[in-house]
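# Coordinate inspection notes
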Amino acid sequence: MRIMAQMAMVMNLDKCIGCHTCSVTCKQAWTNRTGMEYVWFNNVETRPGLGYPRRYEDQEQWKGGWELGRNGRLKLKGGNRFAKLATIFSNPKLPEIEDYYEPWTYDYENLLNAPASKTFPVARPHSLLTGEPMNPQWGANWDDDLGGTYKTGHADPMLKGIEDKVAFEFDKTFMFYLPRICEHCLNPTCAASCPSGAIYKREEDGIVLVDQNRCRGWRMCISGCPYKKIYFNHSTGKAEKCTFCYPRVEVGIPTVCAETCVGRLRYIGLMLYDADAVLAAASTKDEHGLYEAQRAVFLDPNDPAIAAEAERQGIAPDWIEAAKTSPVRRLIQDYKVALPLHPEYRTMPMVWYIPPLSPIVDAVRETGEDAEDAGNLFGAIDALRIPLEYLANLFTAGDVTPVRHVLDKLAAMRSYMRDINLEREPNEDIAAAVGMTGTEMQEMFRLLAIAKYEERY
Amino acid sequence: MTSTQPRPGLDGPLSDALLGAGRFFSKAPTTPDNRAVFKEGGRGDWFYRDRWAYDKVVRSTHGVNCTGSCSWKVYVKDGIITWEAQQTDYPSAGPDKPEYEPRGCPRGAAFSWYTYSPTRVRYPYVRGVLLDMFREAKAEHADPVVAWASIVQDPEKAKRYKSARGKGGLVRATWDEAVEMIAAAQIYTIKRWGPDRIAGFSPIPAMSMVSHASGARFTSLIGGSMLSFYDWYADLPVASPQVFGDQTDVPESGDWWDAGYLIMWGSNVPLTRTPDAHWMTEARYRGQKVVVMSPDYAENVKFADEWLPVQPGTDAALGMAMGHVVLKEFFVDRPTPYFENYTRAYTDLPFLVTLDAAGDGLYRPGKNLVAGDFDNTEAASENAMFKPALWDAAADAPAIPNGTLGHRFGEEGLGKWNLDLGDLRPELTLLAEGGEAVEVELPIFDNPDGSPSTIRRGVPVRRVGDRLVTTVFDLMLAQYGVGRPGLPGAWPTGYDDETGAYTPAWQETITNVPAAQVERVAREFAQNAADTQGRSMILMGAGTNHWYHSDLIYRTMLMLTTITGCQGRNGGGWAHYVGQEKARPITGWAQMAFGLDWSRPPRQMIQTGYWYINTDQWRYDTFTADELSAQGAGNGQFAGKVTADLFAQSARSGWMPTYPTFDRNPLTLADDVKASGLEVGPYVTRSLKEGSLKFAVEDPDAEENWPRVLMLWRANLFGNSAKGDEYFLKHLLGTDNAVNAAESPEHLRPKDITWREQAPEGKLDLVLTLDFRMTSSTLMSDVILPAATWYEKHDINTTDMHPFVHPFTPAINPPWQSKTDWDSFALISQRFSELAEHHLGTRTDVVAVPLMHDSPDAMATPHGAVLDWKSGEIDPIPGVTMPKLVMVERDYTKIAEKYGAVGPLMDTLGTTTKAVTVDVNSAITYLKGKNGVRTGAGVDAGRPKLDNGINVAETIMALAGTTNGHLATQGFKTLEKRTGTLLHDLAAEHEGKIITFNEIVGQPTPVITSPEWSGSESGGRRYSPFTINVERLKPWHTLTGRQHFYLDHDWMQALGEALPIYRGPLNMTQLFGEAPLGEINELGVSVRYLTPHFKWAIHSQYQDNWFMQNLSRGGQQVWMSEKDAERVGIADNDWIELVNRNGVVSARAIVSHRMPEGTVYMYHSQDRLIDVPLTETNGRRGGIHNSMTRILIKPSHIIGGYAQLAFAFNYLGPTGNNRDEVTMLRKRTAPLEY
């Protein structure tokens, strides 16, 4: 057993308002510079939608992540490193700028400098890559709030298998937001794809970084990352990616995206895991087993034996304490409401998500249930506007059971807390129905709803 | 993991070998399986460490017109602002609640881009053609005022520079030159036309009070008119003064947490209240049910348990139906004691209304029965005509309760202005077994074309003398169609009665929302209120508030929150969130902004009315006022009149202010008064009667009545708020425009306003804008002054979304030649004072003041019965039937001294807010020490300095109860004399506290409970409005002193709007001949055109910001449904063109299935600066979102002089509503040209 510490994040999508503050503060701090105009270490996607870069989740096209060979051994989906070295000068699995978008700006100076003319001056758009006038056709967030999705949305890779359940019609509209940063995986394909060995995982906290001195700009990492969260700086010719704000995290400040999240939906915490068990877990045959397999890799710092072993292996006592109180650990391990994004990529991602709960009474009523009954209202998860299968395609390799369990818990929490809110006796049966006690339910409520700063990070 | 799996590993020996080989090149540890390389942090990562480094962090915020009021950390490195992130140090909202951190949004996060952006205004600019003229004129005439006169008095020159407005050709000027031109134009205007021909506009003081106060103070000191904003933006919910007698007072967002049931009705919280939205998402976890009314699948629908996709503008139908359900189930079928007790004590529902005979045994609701109407003990008391009566069950007789408007003023009311009912037992209904009942005729507007008709329903009655009376509650049940046994009239047969107004089934035919859903939501809302003693809340927003008939929509919603006892309760009631920003230290701000420390009264103008008249939009009204009245059920007040006639009547009656006031320079008028030997009142009334003096509004196109100088700061009038933007460009500025409307035909022209055949173009002589970025307003301006950004000055900021005061502090000094607004107006006032020595000296100014709310003026109109002196129905009496007239002396050579010091007038007069006067001498003494005093021999000698942002901020905070505990307790003690109830304990915990600038730089600081507002924060409580009214029995500022639903003013009755009622969007086909909705012709498809607030901008700010442009699609965008798009061959991202009679927009289409059919959104304030091509319609630059709209004045908004329907600045006035518009929309076919 090799105990390691990993800095991890959980985002509660149920609280995400899709405001993109995280994207802007991140970009201002990190990528607001030449060569990085199109780069958003943090971006927010409207789902259903195509994402950024477009259709990045279609690994049949991009070949990112790992796959299980016939021999049951893990291999890079994009081909092994030998194959990569052979194709190093022509990488067909690399998204083109059009798959991201061509960044643009405007001739703002014309507004002040325009000579006397016949019409009011205007700032025209031009490309930040070529300097040529352009007419924007796609952007980092082009389908925001479902703009154009009635036409483009069918190409959302997450609709695979549920095409008949999703209609892009007014009455059936649904959407939610998916904020994304680098997953800082336990089993990162970017690192494994790098011919230069420039990508490394920090020993102390698992943050995945590109060594700017060693990067040679081969861009194999970009192809290798199934989340497409490594970007090519076309000015320096090197790869760059989300750093989990290590200069901040090291001194005890949350990442920029987390601290500036006005939805208060991001949690940061430490996880202990057994590095020796990662490969086996990532090699779990059944994709549906990957979620639980990854959970099994995590170690319980409250287990005295684990804590002692961790200390023996050199993990500092205050880090072990941090792992014990980690809100991320509670959400992933104790309440089991957080799920990994695309476990089927087998990279063991470490940014997890609480899926969105959006009960709509109309939908409940259509099932023939009495929608006025609070029990039905909060319990009728199968009738949600957002199809469970869509969420399952994102978070559990298509297995709807864990997603339903999470949503059941959130719904039960609302129902349970309503009695307390109205100063009535709480109904312990509600908590028991989702395998929790009332006390646990109130603790989870505190973490999710009251969510004080010091409890989020 | 299963044991049947093979040994885990990588895909083959070759990979293993290659990965293994990598270990030799790196000293870093790798995993035993060679998958990953581990390194300790701290090597090879200096690039990002260096990127993160900074020298200092400064606390500031964004003074944009936004309620966010978020405190930010601004990072500075090497003297350069690098980026910003949110502060997280707000004082706690409590151990068991979420917190306010980290307030912010993507717009604010992108602000620092402006600092060094290519759109930054770095130097003063003047349009070259004008600057050349001025330089030439200066060479000829040494005196700049004479030089200015030589330009504007030359029609050819004037036309040349005015018609060049907006068309480039700006050149750099020096500060001296620019300021001299500005001062010369002002002096010339004052001398030639009058000070009230100068106007200043800067909105929303709360967002940066010092900056707002700068130009406002200067404008007020010289006698210029400050233009209102809240009503102009259509953000003022007129229902608030109508019902509450209050401008707007709402819960802080932390109070959403306390609600058990939350409706978001036309308020898209995630978008428009981004920093506060989390309170809603989190409160759901407490079991709060969330319901959304929205025509589209808006961002907040994501969070809703139920979505009611109501047809745009029909919300009042939904509100009426919900009221129908609540009244029936919770008042008639199963009376709910909590609701009954609440409505008896806190609403006008038990008050009596006289019924007027309408022939054939039919009656119409008439006036409130008041003490002066009938034989009772109070009949001869002071203000008896303003003491409404209710029916006392104890005595089985009418009675006059305490707390009415009549008790609010005068000696006799002392100690009686309270809601203590004593032994009175008010009856809600007069229904009694064997009791008398009559049929009343009520107006209704549910015909598809909006035309009026009537319904007949019965009410129980009693007799008081020879009068037949009923209660407001009984009328309300009749209005809402809730029948009771024994009453005559036609009633709905049940909820499923589609023709019976106002049932759930009836509303479905209008709103498309299923009847059963409405029934359920109404029941749940009320049941939750009953279960929680009033913790049901409605968040309402611009989606329901920007319509012509929004006051009605809101009254139906306020009925719901009020009859269920939710107002004045934490977690309950109305939560109006549209531009409602709250200048918490309002008294201190008002003293500074209006120069009340030197001279009173200031000129304060209703901006909607100002532009309706001065941009000549009144000339394009093609309907009579009577078309919008109740006709049959009304009282004929509007017969033969058009809207502009009503506006002129309101102005001359002193209801609403009007500047310019007379067709004579008010300085000349003062000279004439003095020469006549008469007092101002007699002189003016005599001249008016003779016709030798006229109101300017009666001939607005005569050159002596034009506005001449307009100053804009913190504002983008021409790129944003100008409803009817193209009319502004045409008539006000005299430049290119796209007005395509026909003028009124002869028979539809005003009777009381002179019609000049040729409408003037280019009325303004000088347009000045202070800004840090280019907007349509700077583009159109003659002079642009470079302003400091919000990261470059000292100021203060508050909102009603949270209870804190917090500052702006400069991260860097204003760069290039930019200056703070305070410093810019100091320079202007200096040069102005110098030029005034020769041209003006000391003059007397006649200021016409309207009848004011919160003053005895509100008792000018008994029974709200309208008498017009112009038609000889009554004499013109200043302060009663026409404006008050006040002679104000102005030493124009001392403006700079006055601008820069706290004046002496407050020492003797104190400050007055909402009729509570406070002695501020202790604060003045404090300020002398805090700010230091002026030395020298000027008028400012010995007075506290106002020489920088900090000093002004300290002064604002020292003079307001919310920030000076002593003034709060003193104000409450003053108020206690009037109410006779205990109040001052609410502020006692902060008696000795004055919040200082240094304190708020340290941390945002919560405000103090003060009589300036209606709720209490005492003991760290979350703010909810009217808790003081409910808990301390302090009356509302209305006729009855209660929350007031029956409005008996003649004009309300003329409109058929005495009671809450449904009226749909205006019929633009009928009024203006626009194509009917859905029609397809060569101009495309006719669609409803709405302009909701934008995700990627705060008004026009940030819309040009690089980050927002790249996160949205950039440029101007119009959202439409795929169904409408397909009908006229439009695909997503196609270029489209919108054309109606008001203007033309050229934008790109965002086609989406979340949009309802028949309605398009051009999100708010997309200026014409970014990626706007020349239109294919006229080859000119495309317009802004408000190019498609125009001003439409609703007569109910310009009533004055009667109880809560009386003017106060930004409290009551016509709204710049803009939602009722329609447009044609088609695909652009011409090639794109810029």
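Rules and cut-offs
- Residues numbered from 1 in each chain as written.
- Chains lettered and ligands numbered in written order.
- Predicted model: local features only at pLDDT ≥ 70, side-chain atom pairs only at ≥ 80, totals over all residues.
- Heavy atoms only, no water.
- Contact = heavy atoms within 4.5 Å.
- Buried area = accessible area lost by both parts, 1.4 Å probe.
- Salt bridge = Lys/Arg side-chain N within 4 Å of Asp/Glu carboxyl O.
- Polar contact = N/O pair within 3.5 Å; in protein donor to acceptor, adjacent residues only side chain to side chain.
- Helix = DSSP H or I, 4+ residues; strand = E, 2+ residues; numbered from the N terminus.
- Nonpolar A, V, L, I, M, F, W, Y, C, P; charged D, E, K, R; others polar.
- Pairing = 2+ DSSP bridges.
- Axes fitted to C-alpha atoms, helices over the stretch in contact; angles between N-to-C directions.
- Buried < 20%, exposed > 50% of the residue type's maximum accessible area, 1.4 Å probe, protein only.
- UniProt positions renumbered as here; feature names shortened; annotations may be inferred.
- Core = buried A, V, L, I, M, F, W, Y, C linked by side-chain atoms within 4.5 Å.
- Phe/Tyr/Trp six-rings, centres within 6.5 Å; stacked < 30°, edge-to-face > 60°.
- Lys NZ or Arg CZ within 6 Å of the ring centre and 35° of its normal.

## So, the interface of chain B and chain A
Taken together, the contact pairs 154 residues of chain B with 142 residues of chain A. The junction of chain B with chain A conceals about 12400 Å² of combined surface from both sides, 56% of it contributed by carbon and sulfur atoms. The interface formed by chain B and chain A contains 12 salt bridges. Our enumeration of links across chain B and chain A arrives at 52 residue pairs in polar contact (both at pLDDT 80 or more). The element that contributes the greatest number of residues to the side of chain B that touches chain A is helix α17 (residues 515-532) of chain B, accounting for 7 residues. Across the side of chain B that touches chain A, the residue classes tally to 69 nonpolar, 38 polar and 47 charged.

## Structural notes on the sheet that holds strand β4 (residues 80-86) of chain B
Residue and element names in this part refer to chain B. Taken together, the 3 strands give an open sheet; going across it, the order is β2-β3-β4, and neighbouring strands pair in antiparallel fashion. With one partner strand each, in any of the chains shown, β2 (56-60) and β4 form the two edges of the open sheet. If you compare each strand with its neighbour and ignore which way they point, the axes differ by 30 degrees on average. The pairing of β2 with strand β3 (residues 72-77) spans 5 bridges and is antiparallel. When the bridges of β3 are listed, Val58 appears paired with Val74.

## Considerations on the pairing of strand β10 (residues 289-293) of chain B
Residue and element names in this part refer to chain B. With 5 of 5 residues buried, β10 lies mostly within the body of the structure. Burial along β10 is two-sided: Lys289, Val291 and Met293 facing one way and Val290 and Val292 facing the other are all buried. Examined bridge by bridge, β10 and strand β11 (residues 306-308) share 3 bridges and lie parallel to one another. Within β11, the position partnered with Val292 by the bridge is Trp307.

## Considering the pairing of strand β9 (residues 261-265) of chain B
All names here are of chain B. Among the 5 residues that make up β9, 5 are buried, leaving the element largely enclosed by the rest of the structure. Relative to β10, β9 runs parallel, the two sharing 5 bridges. Note that in β10 the partner of Tyr261 across the bridge is Lys289. In the sheet, β9 pairs with strand β19 (residues 536-540) via 5 bridges, with the strands oriented parallel. Looking at the pairing, Trp265 lines up with Met540 of β19.

## Side note on the sheet that holds strand β13 (residues 362-368) of chain B
Residues and elements named next belong to chain B. The 5 strands are arranged β12-β13-β16-β17-β18 in a closed barrel whose pairing can be described as mixed. The mean angle between the axes of side-by-side strands here comes to 55 degrees, regardless of whether they run parallel or antiparallel. Bridging between strand β12 (residues 352-357) and β13 involves 4 bridges; their strand directions are antiparallel. Following the sheet pairing, Leu355 is matched in β13 by Pro365. Here helix α15 (residues 472-480) sits on the sheet and contacts β12, β13, β16 (436-444), β17 (453-464) and β18 (467-471); the angle it forms with β17, its principal contact strand, is near 160 degrees.

## A look at the UniProt feature "domain: 4Fe-4S Mo/W bis-MGD-type" (unreviewed entry) in chain B
Under the UniProt annotation, the feature "domain: 4Fe-4S Mo/W bis-MGD-type" (unreviewed entry) is placed at residues 55-119 of chain B. With 6% helix and 28% strand, residues 55-119 of chain B has end C-alpha atoms that lie 26 Å from one another.

## Looking at helix α26 (residues 725-733) of chain B
Residues and elements named next belong to chain B. Of all 9 residues that make up α26, 9 are buried, and the element is covered over most of its length. Asp725, Glu726, Tyr727, Phe728, Leu729, Lys730, His731, Leu732 and Leu733 are the residues of α26 that are buried. Looking at the buried side of α26, the elements it contacts are α6 (155-163), α21 (607-614), α25 (717-721), β23 (766-771), α27 (776-780) and β36 (1143-1151). A positive phi of about 75 degrees marks Gly734, the residue just after α26.

## What to know about the nonpolar core
All names here are of chain B. Core analysis: the largest hydrophobic core is formed by 521 residues, its most contacted members being Trp148 and Phe832. When sequence neighbours within four positions are dropped, the list of residues in contact with Phe832 reads Ala183, Gln186, Ile187, Ile190, Phe218, Ile222, Leu840, Tyr892 and Ile895. Ranked by size, the runner-up nonpolar core spans 11 residues in total, among them Leu369, Ala371, Ala384 and Ala389.

## Focus on the side chain of Thr511 of chain B
All names here are of chain B. Along the chain, Thr511 falls in helix α16 (residues 504-511). For Thr511, the side chain forms a polar contact with the main-chain nitrogen of Val513, separated by 3.0 Å. Ignoring anything within four residues of it in the chain, the contact list for Thr511 reads Pro309, Val310, Gln311, Thr314, Ala317 and Leu318.

## Side note on helix α5 (residues 144-152) of chain B
Residues and elements named next belong to chain B. Counted residue by residue, α5 has 7 buried out of 9 residues, so it is predominantly covered. When we look at burial in α5, the residues that qualify are Pro144, Val145, Ala147, Trp148, Ala149, Ile151 and Val152. Against α4 (128-140), α6, α7 (175-192), β23 and α28 (821-839) lie the buried residues of α5. Looking at where α5 begins, the residue whose side-chain oxygen comes 2.8 Å from the main-chain nitrogen of Val145 is Asp143.

## Some thoughts on the pattern of salt bridges
Tallying each qualifying case throughout the model produces 110 salt bridges over all chains. In this structure, the salt-bridge partner of Arg202 of chain A is Glu204 of chain A, at a minimum N-O distance of 3.9 Å. For Arg202 of chain A, a relative accessible area of 0% corresponds to the buried category. Look at Glu204 of chain A and you get partly exposed, because its relative accessible area is 28%. Close ionic contact of Glu259 of chain A with Arg248 of chain A constitutes a salt bridge, the shortest N to O distance being 2.9 Å. Of the two residues, Glu259 of chain A sits in helix α10 (residues 256-259) while Arg248 of chain A sits in helix α9 (residues 246-249), which places them 11 residues apart along the sequence. Side by side, Glu259 of chain A and Arg248 of chain A carry an identical accessibility label, which is buried. In this structure, a network of salt bridges that share partners links the residues Arg202, Glu204, Asp205 and Glu250 of chain A together with Asp45 and Arg49 of chain B.

## Concerning the packing of aromatic side chains
Throughout the structure, instances matching the rule amount to 84 aromatic pairs over all chains. Each ring, one from Phe111 of chain B and one from Tyr791 of chain B, has its centre 4.9 Å from the other, and the planes form 80 degrees; the classification is edge-to-face. A residue pair is termed long-range when its members are at least 10 positions apart, and Phe111 of chain B in the loop between α3 (106-109) and β5 (125-127) and Tyr791 of chain B in the loop between β24 (783-786) and β25 (795-797) qualify at 680 residues. Assessed through its relative accessible area of 0%, Phe111 of chain B is described here as buried. Overall, the relative accessible area of 0% leaves Tyr791 of chain B in the buried class. Considering the side-chain rings of Trp148 of chain B and Tyr161 of chain B, the 6.4 Å spacing of their centres and the 55 degrees angle between planes classify their relative orientation as tilted. Note that Trp148 of chain B is positioned in helix α5 and Tyr161 of chain B in helix α6, a separation of 13 residues in sequence. Here Trp148 of chain B and Tyr161 of chain B have matching classes, each one buried. Chaining the aromatic ring pairs together yields one cluster made of Phe244, Phe330, Phe331, Tyr338, Phe339, Tyr342, Tyr346, Phe473, Tyr554, Trp574, Phe1026 and Trp1036 of chain B. Looking at Arg219 of chain A, its charged tip hangs above the ring of Phe232 of chain A, at a distance of 4.0 Å from the centre.

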